[in-house]
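# Observations on the three-dimensional arrangement
So the chains spell out like this:
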Amino acid sequence: MRKNNISIITTLTFLIFSCSSQKEIVDTGFFPEIKSETKPWTRWWWMGSAVDSVNIKQNLIDLYNIGIGGVEIAPIYGVKREENNFIDFLSPKWMDMLNYTLDIADSLDMGVDLTLGTGWPYGGPHVASQFAATKLIAQTYIVEKDQIFRKKIVVENSKEKNAILKYLLAYGDQGDYIDMTSNLKNESIYWKAKNENYTIYAIFEGKTGQKVKRAAPGASGFTLDHYSEEALNEYLKPFDTVLVGFEGKIRAIFNDSYEVYGTDFTSDFFEAFQKYRGYDLKPYLPILLSKENTDESNRVKCDYRETLSDLLLHRFNELWTNWAHTKKFKSKLQAHGSPGNLIDLYASADIPECETFGSMPYDIHGLRREKEDIREGDADPVMLKFSSSAAHISGKPLTSSETFTWLRDHFKVALSQCKPEVEDLFLNGTNHCFLHGTTYSPERAPWPGWKFYASVNFNPNLAIGEDESELFSYISRCQSLLQLGQPDNENLLYWPIYDVWNSYLNGDLFFQFKIHSLNEWLHNQPFYKTAKNLNERGYGLDFISDKLIQKAYFNNGTIVLPGGNYKSLIIPQTKYMPLATLEKLIELKNLGANVIFEDIPESVPGFYEYKKQNEILEQFINDNQPNLVNSASIYSQLENAKSYPETLVNTGLKYIRRDIDGSKIYYLVNHTSNYIDQFIPINALVDEVTIYDPKTNIYGKAILDKVKNSTKVKVQIKSGEALFLKTGNFKNIPNWKYFDISDKQYPINGNWGISFIKGGPNLPEEISITELYSWTKINKEAEEFSGTALYEIEIENPDMNVKNWLLKLGDVRESAKIWVNGLYIGTLWANPYEINIGELKKGKNKLIFEVTNLSANRIRAMELKGEEWKNFYEINMVDKDYQKFDAKKWEPMPSGLLGPINLVPLK
């Protein structure tokens, strides 16, 4: 069999096919140019920063060849026995490697982003203790009436020996309050309690002790105090020095999800609190620190939590972005996990970035989701919208995503399982995805190469690398269209963050809005229910915060924000709302804006003069009663605002829409188990609609049925498929080809020749079979094999009258390139595994398939033989549940063509 020739044929045919198709598409005027920013990028882990120029160049070339548009350099811990090759972070040699990377990337038209640190979160050896992440420590002393209080005030916990005493405050049981701080002498106090019993609080500035997680060589140290401008400036000083000459060469600096734990204080917190909240916190300290679930305690805690948010926004995020701009860099930020208002924090960056984690369920026919291999996902569509909403409202063209984190266990992720996950990101506003990720691996590293502890590793040397360019091409084509024009969500939905901040939250001062704890702050809120209902009914939504509402104004019938215009602003059921927010909403409504109240707020949040503020709120509500009516149906009011749902969702399709000077782009995805073959309505009255399939690169003019206020478009979308619709007239567009699928099908049976052409650990011998089954059942060598096998079969044309045949491959493990009579047809890599192969010739027809499985079986075989490959520092390797990685307990994964394979006539 033609083992050597077939790979050459594969490459040449694929290149010719791709190039000719791209030229044809550009000529139509329909498609934008595929650029580095429209391609997927990847987080590029530098293990131990043990990089060199030869392997940097080869790694980048390999990534470029499979369709990656850029890398985000993320230095982390190292590889054992590579210590002599470690390069200290920011050392002259490290900077030389960064500069070389930028030069090679530029020659390949690839971009480079840089994590402004190593591991996560920000920190390192240059973070002195005074600038490290800080926490509040409170000690209490009981002093009875007429007693003498004589004591040296020092922190009692020996682990907190570096804590700094800030205040000594006394609270009498009759309401007396005394600030005793000035009475301290050498941290000692001598004082007599008169007239009442007292509780004395000593307030210390302590340190969390958290250090950088997964730090690279030369970068271990304390995590940064994110609430201190001085701390940030000190942190940036080394970068100011070493990045001279790099201005504009790095595309963006990156800050990962906020995983700074227990940090609820900073040195001047009480002063900052008074500035932001308008009152001195110290007299109310017992209420603040109380663990009782009372209205006043929750209100003071709300003010405390909001102050942390303000400090993070104004002293870190905004200043960090401003610093990036002085270097001609963009800023790229993951805000989730922080204690702040996610919308405001995301909006402070040039590129807001969301994150998916784990595996989500889909009803796609044939999509596998083996329970033993997955970690349940946190990619809630409502959560994903926080980042894209911030981008849309603030006018940022890109929303990025950390994509495929822990999608499956190591070496067990198929391309078919990636596709719906990235589609959900696109549907919720992401248009610039980053793989999580790719590990720099030198040629000297034996297979499987260097590996980051978290899945998914998209390294080209793994079996998944054989056809991953197909996934990346799909992503590129989608993003090229999803980056065009402007987002076209017509409605705003207010996020009542004070309903979270002003609640009990276990009495904690520090609360993180994490993607792993959605039940604590999102799923349990009326906001979530309203958002889900609006999405399911087909309304396009962006979420908005109190701060961004203040930037809105009304003009020409719409609510105008820096990023675009909206037809309505919906207020879900809300208990706590700042008076300034309600006043702004009524101001907009009085001007004619469509502000729709699902409910009227009951109270202002926070503690400061809240009783007086509530009286003003009540009077304001009474004075504006005509404009503050609970909506019996927000949907009838949306209709009055001429904001109509896209009823195409009634078919089960998901969608997102963009606008280009009045023309519309619809991205439609079928995550149902049904084949949708019908006319679907779109909210546009147009003369022409072009259909584009981003998976196959096929396009054409749709059949339309025009009705009164909309257009119905004939679509055929199988389970698992996606299409773009674009309105407008374009030149050189052929008609879209619709096909009826016959009920009749012809099984493909006969003698199959199988030869193993690429992979390892060894190439099994050629065999012939008459019935398809997993190649792992052939023999022990095949059971251990991961790579590509060539399947060949000759068949008779079952019907000469059929001009188009649908080839259905059934169960494919995991991807298959296809040739018919020597002509390359395409690659099937995701559900549905079927393709139109056109016409068969009379008599004998030869079908060839190059089928690639996953790397799991080879890893399993290595471990069963005692071959060790997990040689990494710190966490080394873990499985999806963060337990010790052990492939020996796996069963062999089915591999190859499992069938049944059928030919189905198309008309």
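Residues numbered from 1 in each chain as written. Predicted model: local features only at pLDDT ≥ 70, side-chain atom pairs only at ≥ 80, totals over all residues. Heavy atoms only, no water.

This part is about the overall build of the chain. When helices and strands are counted, the chain shows 20 helices and 44 strands. Taking 907 residues into account, the globule formula puts the C-alpha radius of gyration at 29 Å, and the chain, at 31 Å, falls close to it. Summarising its shape, the C-alpha atoms of the chain cover approximately 110 × 70 × 50 Å along the three principal directions. Across the 907 residues in the chain, those meeting the buried criterion constitute 62%. Considering only residue pairs separated by 6 or more positions, the chain has 80% of its internal contacts joining residues 24 or more positions apart. For the chain, the accessible surface area stands at approximately 35300 Å², while carbon and sulfur atoms represent 47% of it. (Helix = DSSP H or I, 4+ residues; strand = E, 2+ residues; numbered from the N terminus. Rg over C-alpha atoms; globule rule 2.2 N^0.38 Å. Buried < 20%, exposed > 50% of the residue type's maximum accessible area, 1.4 Å probe, protein only. Contact = heavy atoms within 4.5 Å. Areas by Shrake-Rupley, 256 points an atom, 1.4 Å probe, with all protein chains shown as cover.)

Position of Lys192 relative to the elements: it lies in strand S9 (residues 188-192). Judged by its relative accessible area of 39%, Lys192 is partly exposed. Ignoring sequence-local partners within four residues, the contact set of Lys192 consists of Asp146, Gln147 and Ile148.

Our focus in this paragraph is the sheet that holds strand S34 (residues 752-760). Spatially, S35-S34-S36-S42-S39-S40 is the arrangement adopted by the 6 strands of the open sheet, whose pairing is antiparallel. Edge positions in the sheet fall to strand S35 (767-769) and strand S40 (823-828), since each has one partner strand and no second. Taking each pair of neighbouring strands and ignoring which way they run, the sheet shows an average axis angle of 25 degrees. Pairing of strand S39 (residues 815-820) with strand S42 (residues 844-852), which is carried by 6 bridges, proceeds in the antiparallel orientation. Residue pairing for S42: Lys817 is matched across the bridge by Glu850. (Pairing = 2+ DSSP bridges. Axes fitted to C-alpha atoms, helices over the stretch in contact; angles between N-to-C directions.)

In this structure, Pro448 follows Trp447 across a cis peptide bond, with omega equal to 10 degrees. Mapped onto the elements, Pro448 comes out in the loop between strand S16 (432-439) and helix H11 (468-482). A cis amide bond, omega 15 degrees, links Arg813 with the succeeding residue Glu814. Along the chain, Glu814 turns up in the loop between strand S38 (811-813) and S39.

Taking burial as the measure, the 7 residues of strand S26 (residues 663-669) include 6 buried ones, the bulk of the element. Taken together, the 7 bridges between strand S25 (residues 654-660) and S26 define a ladder with antiparallel strand orientation. Bridging across to S26, Tyr655 finds its partner in Leu668. Hairpin connection between S25 and S26: a loop of 2 residues separates the two successive antiparallel strands, and Asp661 in this loop has a positive phi of roughly 50 degrees. For S26 and strand S32 (residues 722-727), the ladder comprises 5 bridges, and the chain directions are antiparallel. The residue bridging Tyr667 from the neighbouring strand is Phe724, located in S32.

A separate point is the pattern of salt bridges. Tallying each qualifying case throughout the model produces 56 salt bridges. A salt bridge links Glu402 to Arg43; the nearest nitrogen and oxygen atoms lie 3.2 Å apart. Within this pair, whereas Glu402 is found in strand S15 (residues 400-405), its partner Arg43 is found in strand S1 (residues 41-47), the two being separated by 359 residues in sequence. Look at Glu402 and you get buried, because its relative accessible area is 4%. By relative accessible area, which is 5% here, Arg43 ends up buried. In this structure, Glu376 and Arg369 form a salt bridge, with 2.9 Å as the shortest nitrogen-oxygen distance. Taking the relative accessible area as the measure of exposure, Glu376 reaches 44% and is therefore partly exposed. (Salt bridge = Lys/Arg side-chain N within 4 Å of Asp/Glu carboxyl O.)

Turning our eyes to something else, we now look at the packing of helix H5 (residues 269-277) against helix H7 (residues 295-326). Between H5 and H7, the least distance of the axes is 10 Å, while the angle of their chain directions is 95 degrees. If you check the angle between H5 and H7, you find them roughly perpendicular. Contacts from Phe269, Ala272, Phe273, Tyr276 and Arg277 of H5 reach H7 at Asp303, Tyr304, Glu306, Thr307, Leu308, Asp310, Leu311, His314 and Arg315. Among the residues forming the contact of H5 with H7, the class breakdown is 7 nonpolar, 2 polar and 5 charged. (Parallel < 35°, antiparallel > 145°, perpendicular 65-115°, else oblique. Nonpolar A, V, L, I, M, F, W, Y, C, P; charged D, E, K, R; others polar.)

Within a regular strand, the side chains alternate between the two sheet faces. The buried count for S39 comes to 6 of 6 residues, which makes it a mostly enclosed element. One ladder, built from 5 bridges, connects S39 with S40; its direction is antiparallel. Of the residues in S40, the one forming a bridge with Lys817 is Thr827. The turn joining S39 and S40, which pair antiparallel and follow one another in sequence, is formed by 2 residues; a positive phi near 50 degrees is taken by Asn821.

This next bit is on the sheet that holds strand S31 (residues 711-717). Spatially, S27-S31-S30 is the arrangement adopted by the 3 strands of the open sheet, whose pairing is antiparallel. Two strands bound the open sheet, and with one partner strand each, they are strand S27 (676-682) and strand S30 (704-706). On average, each strand axis in the sheet is tilted by 30 degrees relative to the strand beside it, whichever way the strands run. Where S27 meets S31, 7 bridges bridge the pair, whose relative direction is antiparallel. Bridge pairing in S31 links Ile676 to Ile717.

Moving on, we get to H7. Over its 32 residues, H7 runs 45 Å from end to end, which matches the ideal 46 Å to within 8%, given 1.5 Å per residue. In H7, a bend of some 30 degrees at Leu313 exceeds every other bend along the element. With 24 of 32 residues buried, H7 is to be regarded as a mostly interior element. Of the residues trailing H7, Lys328 is marked for its positive phi of about 65 degrees. (Expected span 1.5 Å × (residues − 1). Bend = angle between axes of the 7 residues up to and from the residue.)

Let us now look at the nonpolar core. One finds Trp94, Leu98, Leu243, Phe386, Trp521 and Tyr667 to be the most contacted residues of the largest nonpolar core, which totals 207 residues. In terms of residue count, H7 provides more of this core than any other element does, 11 residues in total. Apart from the residues lying within four places of it in its own chain, the contact partners of Tyr667 are Glu423, Phe426, Leu427, Tyr474, Cys478, Leu482, Lys654, Tyr655, Ile656, Ala722, Leu723 and Phe724. Counting residues in hydrophobic clusters, the runner-up holds 35 residues, among them Ile767, Leu772, Trp805 and Ile837. (Core = buried A, V, L, I, M, F, W, Y, C linked by side-chain atoms within 4.5 Å.)

Mapped onto the elements, Ala133 comes out in the loop between strand S4 (123-124) and strand S5 (134-143). Using a relative accessible area of 1% as the deciding quantity, one classes Ala133 as buried. Distance in space between the C-alpha atoms of Ala133 and Gly209 is 7.3 Å, their sequence separation being 76 residues. In this structure Ala133 touches Gly206, Lys207, Thr208, Thr223, Leu224, Asp225, Val260 and Thr263, once residues within four positions along its chain are discounted.

The share of residues in the chain with pLDDT of 70 or more is 97%, and the mean pLDDT across the chain is 95. Ignoring residues within four places in sequence, the model shows residues 1-27, a span with pLDDT below 50, making 35 contacts including any to other chains. (pLDDT = per-residue confidence, 0-100.)

What follows deals with H5. Among the residues of H5, Phe269, Phe270, Ala272, Phe273 and Arg277 are the ones counted as buried. The buried residues of H5 all sit within an arc of 160 degrees when viewed along its axis, so they share a single face. (Arc of directions from axis to C-beta.)

This next bit is on the packing of helix H16 (residues 579-590) against helix H17 (residues 610-623). Where H16 contacts H17, the two axes come as close as 11 Å, and the packing angle between them is 15 degrees. One element, H16, and the other, H17, form an angle in the roughly parallel class. Here H16 and H17 pass one another in a crossing that is left-handed. Contacts between H16 and H17 involve Leu579, Leu582, Glu583 and Ile586 from the former and Gln613, Ile616, Leu617, Phe620 and Ile621 from the latter. (Left-handed = near helix turned anticlockwise from the far one by under 90°.)

Here Asn459 is to be found in the loop between S16 and H11. Leave out the neighbours within four places in its chain, and Asn459 touches Gly437, Thr438, Thr439, Ser441, Trp450, Lys451, Gly465 and Glu468.

Centre distance and the angle of the planes are the two values used to describe a pair of aromatic rings. Going through the model one piece at a time under the given rule, you end up with 64 aromatic pairs. Judged by centre distance (6.0 Å) and plane angle (55 degrees), the ring pair of Tyr440 and Trp450 falls under tilted. Remark: Trp450 occurs in the loop between S16 and H11 and Tyr440 occurs in the loop between S16 and H11; sequence separation between them is 10 residues. Side by side, Tyr440 and Trp450 carry an identical accessibility label, which is buried. The ring centre of Phe434 lies 3.9 Å from the NZ or CZ of Lys332, which sits over that ring. (Phe/Tyr/Trp six-rings, centres within 6.5 Å; stacked < 30°, edge-to-face > 60°. Lys NZ or Arg CZ within 6 Å of the ring centre and 35° of its normal.)

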